[in-house]
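Results of the structural survey
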Amino acid sequence: MVVSHRGEPMAAQPHQRAALQDPNAALTRCVRSRRRLLRDATAEVLSSCDDLSRAQTSIRELERKHTDALRSDALRALSELRRAGRIRDVVFEEKDLGVSFVLARFDSVDGKHNELGRRFVVVETTRPLGVARRMLAPTDELVGVVGSEGMEPVVDPSVDAFEDLLKRLDVEERPLTLVFALGPQREAAHAAAVAAERETAKARELERKQRRAERRLKEDPPKSPTESFMEEAFFGDEPPPVPPVERSRAWNATEDREEDAEAVKKALEAKRLKREAKAREE
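Below, the structure is looked at part by part. Quantities reported herein were computed from a predicted structural model and do not represent experimental measurements.

This paragraph deals with unusual backbone geometry. The residue after Arg174, namely Pro175, is reached through a cis peptide bond having omega 5°. Topologically, Pro175 is positioned in the loop between helix H5 (159-171) and strand S9 (176-181). A positive phi angle is found at Leu129, which is not glycine, with a value near 60°. With respect to the secondary-structure elements, Leu129 resides in the loop between strand S6 (119-126) and helix H4 (131-135). Taking relative accessible area as the criterion, Leu129 reaches 88% and is therefore assigned exposed. Despite not being glycine, Asp156 has its phi angle at roughly 50°, a positive value. Looking at the secondary structure, you find Asp156 in the loop between strand S8 (150-153) and H5. Judged by its relative accessible area of 9%, Asp156 falls in the buried class.

Attention shifts here to the pattern of salt bridges. Pairing between side chains of opposite charge can happen when the charged atoms of each approach one another. Scanning the entire structure with this criterion turns up 20 salt bridges. Residue Glu61 pairs with Arg64 through a salt bridge whose shortest N-O separation is 2.4 Å. One end of the pair is Glu61 and the other is Arg64, both in helix H3 (residues 52-83) and three residues apart, which spans about a single turn. Glu152 is the partner of Arg168 in a salt bridge, and the nearest nitrogen-oxygen pair spans 3.1 Å. One end of the pair, Arg168, is in helix H5; the other, Glu152, is in strand S8, and 16 residues separate them in sequence. A residue is classified by how much of its surface remains accessible, and Arg168, at 25% relative accessible area, is partly exposed. One connected set of salt bridges, linked through shared partners, spans Arg34, Asp73 and Arg76.

Within the secondary structure, Arg118 sits in the loop between strand S5 (112-113) and S6. Here the alpha-carbon distance between Arg118 and Thr28, two residues 90 residues apart in the chain, equals 5.4 Å. In this structure the side chain of Arg118 is engaged in a polar contact, spanning 2.7 Å, whose partner is the side chain of Thr28.

Our next topic: the side chain of His66. Structurally, the position occupied by His66 is in helix H3. Each residue touching His66, except ones within four places of it in the same chain, is listed here: Arg34, Arg35 and Leu38.

For strand S7 (residues 141-147), a buried count of five out of seven residues is recorded, marking the element as mostly surrounded by other parts of the structure. Sheet topology places S6 next to S7; two bridges connect them, and they run antiparallel. Paired with Val122 across the strands is Glu141, a residue of S7. Sheet analysis places S7 next to S9, joined by five bridges and oriented antiparallel. Counted as the bridge partner of Gly144 is Val179 from S9. Pairing geometry for S7 and S8, over four bridges, is antiparallel. Looking at S8, one finds that Val145 is bridged to Glu152. Between the end of S7 and the start of S8, which pair antiparallel, lie two residues.

Another aspect to go through is the packing of helix H2 (residues 25-48) against H3. Two elements in contact, H2 and H3, have axes separated by 10 Å at closest approach and are oriented at 170°. Relative to H3, H2 is oriented roughly antiparallel. The segment H2 lies against H3, with Leu27, Cys30, Val31, Arg34, Arg35, Leu38, Ala41, Thr42, Val45 and Leu46 engaging Ala55, Ser58, Ile59, Leu62, Glu63, His66, Ala69, Leu70, Asp73, Ala74 and Ala77. Here the residues of the contact of H2 with H3 sort into 14 nonpolar, three polar and four charged.

Before going further, it helps to spend a moment on the layout of surface pockets. Gaps left between atoms are located by rolling a probe of water-molecule size over the structure's atoms. By volume, the largest pocket amounts to about 580 Å³. Around the largest pocket sit 23 residues that line it, and Thr67, Val155, Asp156, Pro157 and Ala161 are the ones nearest its centre. Those elements that place two or more of their residues in the lining of the largest pocket are H2, H3, S8 and H5. The element contributing the most residues to the lining of the largest pocket is H3, with five residues. Split into classes, the residues belonging to the lining of the largest pocket amount to 10 nonpolar, four polar and nine charged.

Thresholds, definitions, all that
Residues numbered from 1 in each chain as written. Predicted model: local features only at pLDDT ≥ 70, side-chain atom pairs only at ≥ 80, totals over all residues. Heavy atoms only, no water. Helix = DSSP H or I, 4+ residues; strand = E, 2+ residues; numbered from the N terminus. Buried < 20%, exposed > 50% of the residue type's maximum accessible area, 1.4 Å probe, protein only. Salt bridge = Lys/Arg side-chain N within 4 Å of Asp/Glu carboxyl O. Polar contact = N/O pair within 3.5 Å; in protein donor to acceptor, adjacent residues only side chain to side chain. Contact = heavy atoms within 4.5 Å. Pairing = 2+ DSSP bridges. Axes fitted to C-alpha atoms, helices over the stretch in contact; angles between N-to-C directions. Parallel < 35°, antiparallel > 145°, perpendicular 65-115°, else oblique. Nonpolar A, V, L, I, M, F, W, Y, C, P; charged D, E, K, R; others polar. 1 Å grid on protein atoms, 1.4 Å probe; cavity = no way out; pocket = protein on both sides within 12 Å on 5 of 7 lines; lining within 4 Å. Points joined across faces, edges and corners; volume = space filled by probe spheres on them.

Below is the structure:
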């Protein structure tokens, strides 16, 4: 099971279901083992030491060694992933990275709840028209930040460390290089995320049109189709007046001929009717 940094189960989106297939399983096993060693060593210190101050000093030393060991494990795991072609370095030039992250954790081992699961920072969404959309996809894991002293791995961060990481990414100088491990089924996850974005955009556009139609009905009474067409055609302005048409002599002569022909036709029809009436009388 994967949980978010708020401690709640992550929604069963396609990319989050895919994240259950841990591409960095070797590091996950190392984290689980290191955590178990730290837990046992801390319990031993607390049970054998009566001086609280000395116990706290010993525990801090154990935690420092634990962090150093995890860093070494992470670098070794990242080297293996890079040799397998599963690592991608992404350079961000703009201040806005165009990507949102979530802190997740594999908290089950063999189907049983276990707090020893590895925590990791995973890409949740990417925004269009940016390097993140071109290079990344949901389920990709942020595994390192390249700074002035080289690549610093991101390994098993706590909630506080995750918040500090987000603040650091916001203030780091650009260009900023981040290292990602490619997630499982990332193409399918990307397609699902893009489809969801399109559906959301369609719903928003439909809602916007409905609000605009309701606003128009309140402001103005319904108009006829001709009035609506003229308003849209001239962007709400009054249509320009149509200038009078000056007909040519040829046009007038044509009309005169048509009128004369009609008069002749009527006269002939009248004569025919008169002859027929006279014939019936005889």
